[in-house]
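Below, each chain spelled out in residue letters.
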Amino acid sequence: MKYLMLSKPLEHLTYPELADTVAELGMDGVDLTVRSPGHVLPERVKTDLPKAVRAVRERGLEVGWLTTAIDSADSPQAEDILATAAGLGIKQFKLGYYRYAGFGEMRRQIAEVREQLGGIESLCRKYGMQAGVHAHDGPTLSATTHVVSLLLEGFDPAALCYYPDLGHMGIEGSFGGWIHGLDLLSNRINMLALENLAQFQEVDPETGATHWRPKVVPFDQGFIPFPEAFQYLKQIGYAGYASFQAEYRGPNSFRDLDQAELLAQVKRDLQYTKRLADEVGL
């Protein structure tokens, strides 16, 4: 398994600075954001994506895949992004999200999103690309794997795959649900996001009401037991990249880390991950 750093937490860096930072972390490559905001703006993809890729590769790193906001074949610059990426030898990209419209809308939305995915499948076949539906907790259609399985049913796995995010899967199914999901969609898993999350109880200062909030935590502290998860990944033969999301900033992190603290935490996460991967032979 090779390791990527999502460029989102490093979007203030230039392309050479990004490459240097990721190399110093000990990663194998970059998961590059091509969206707005992002490291490469979609309207500049033809000129800026080659520059970003060149900077990364000159440092001996790979661009594993792109993180985009594409949710249909009609998304702005969707074809430009895929054509440019394919021309640079990049084979995979993360799709944007499909927001849940509210109770009573699920069946209608599934049908509508499947139409959109049909257009994306055609684009992927045209350019030899693979799109990943990323797991994300909360009001998205990819929050739970049983819905994702309905969205992807019948589509070519070479064009449309499942992109599990262990942290988000843990929030939606912290006991058995995440295991069921990896099992159910094991034949479609060709991308992987690494992070861990937990729930924190907070009190509204105005009303005194309590609520639970999911937050990103270090890999060894969240709902997902990484040693067990890696055993399942080994069992299904996962051999792709793993992207470190590293969203340790702001109110959705266990602590709002500054740049130096974030990079230090990512290094600890990487050391932990490599040790576990070596133990199971990933």
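Residues numbered from 1 in each chain as written. Predicted model: local features only at pLDDT ≥ 70, side-chain atom pairs only at ≥ 80, totals over all residues. Heavy atoms only, no water.

## Topic: the overall build of the protein
Next, step 1: Within the protein, the regular secondary structure consists of nine helices and ten strands.
Next, step 2: On the principal axes, the C-alpha backbone points of the protein span a range of 50 × 45 × 45 Å.
Next, step 3: Across the 282 residues in the protein, those meeting the buried criterion constitute 51%.
Next, step 4: Within the protein, contacts between residues separated by at least 24 positions form 76% of all contacts whose residues are at least 6 apart in sequence. (Helix = DSSP H or I, 4+ residues; strand = E, 2+ residues; numbered from the N terminus. Buried < 20%, exposed > 50% of the residue type's maximum accessible area, 1.4 Å probe, protein only. Contact = heavy atoms within 4.5 Å.)

## Some remarks on the sheet that holds strand β1 (residues 2–6)
Next, step 1: On the basis of which strands lie adjacent, the open sheet formed by eight strands has the order β6-β5-β4-β3-β2-β1-β10-β7 and parallel pairing. Either end of the sheet is taken by a strand with one partner, and the two such strands are β6 (160–163) and β7 (193–194).
Next, step 2: In this sheet, strand β4 (residues 92–94) lies alongside strand β3 (residues 62–68) in parallel orientation, the contact comprising two bridges. Looking at the pairing, L66 lines up with F93 of β4.
Next, step 3: Relative to the sheet, helix α1 (residues 15–25) contacts β1 and β2 (29–34), its axis offset from that of β2 by approximately 140°. (Pairing = 2+ DSSP bridges. Axes fitted to C-alpha atoms, helices over the stretch in contact; angles between N-to-C directions.)

## A few points about the nonpolar core
Next, step 1: The biggest cluster of nonpolar side chains holds 89 residues, and the ones touching the most others in it are M5, L66, F93, L117, I120 and F230.
Next, step 2: The greatest single-element share of this core, amounting to eight residues, is contributed by helix α9 (residues 259–280). (Core = buried A, V, L, I, M, F, W, Y, C linked by side-chain atoms within 4.5 Å.)

## A closer look at the packing of aromatic side chains
Next, step 1: For the structure on display, the rule yields nine aromatic pairs.
Next, step 2: Look at W65 and Y163: their rings are 5.3 Å apart centre to centre, the planes differ by 75°, and that puts the pair in the edge-to-face class. You can see W65 sitting in strand β3 and its partner Y163 sitting in strand β6, a full 98 residues away along the chain.
Next, step 3: The rings of Y3, F219, F226, F230, F244 and Y272 are connected pair by pair, giving a single aromatic cluster. (Phe/Tyr/Trp six-rings, centres within 6.5 Å; stacked < 30°, edge-to-face > 60°.)

## A word on the packing of helix α7 (residues 177–184) against helix α8 (residues 226–235)
Next, step 1: Look at α7 against α8: their axes get within 11 Å of each other, and the N-to-C directions meet at 15°. The orientation of α7 with respect to α8, classified from their angle, is roughly parallel. As for the relative orientation of α7 and α8, their crossing is right-handed in sense. Touching W178, I179 and L182 of α7 are E228, A229 and Y232, all from α8.
Next, step 2: Across the contact of α7 with α8, the residue classes break down as five nonpolar, no polar and one charged. (Parallel < 35°, antiparallel > 145°, perpendicular 65-115°, else oblique. Left-handed = near helix turned anticlockwise from the far one by under 90°. Nonpolar A, V, L, I, M, F, W, Y, C, P; charged D, E, K, R; others polar.)

## Description of the side chain of D269
Next, step 1: Summarising the element assignment, D269 is placed in helix α9.
Next, step 2: With no salt bridge to any partner, buried D269 finds its closest opposite charge in R268, at an N-O distance of 6.4 Å.
Next, step 3: There is a polar contact of 2.6 Å between the side chain of D269 and the side chain of Y248.
Next, step 4: Dropping the residues within four chain positions of it, D269 is found in contact with P218, F219, F244 and Y248. (Lys, Arg positive; Asp, Glu negative; His and termini not counted. Salt bridge = Lys/Arg side-chain N within 4 Å of Asp/Glu carboxyl O. Polar contact = N/O pair within 3.5 Å; in protein donor to acceptor, adjacent residues only side chain to side chain.)

## A look at the environment of V217
Next, step 1: Residue position: V217 is located in strand β9 (residues 210–217).
Next, step 2: A relative accessible area of 2% means that V217 is categorised as buried.
Next, step 3: Setting aside residues up to four positions removed in sequence, V217 forms contacts with N196, L197, A198, F200, G222, Y248 and F254.

## A closer look at the pattern of salt bridges
Next, step 1: By the definition in use, this model includes 14 salt bridges.
Next, step 2: Between R213 and E202 there is a salt bridge, with its nearest N and O atoms 3.8 Å apart. With R213 in strand β9 and E202 in strand β8 (residues 196–203), this residue pair connects regions lying eleven residues apart in the sequence.
Next, step 3: Look at R213 and you get partly exposed, because its relative accessible area is 25%.

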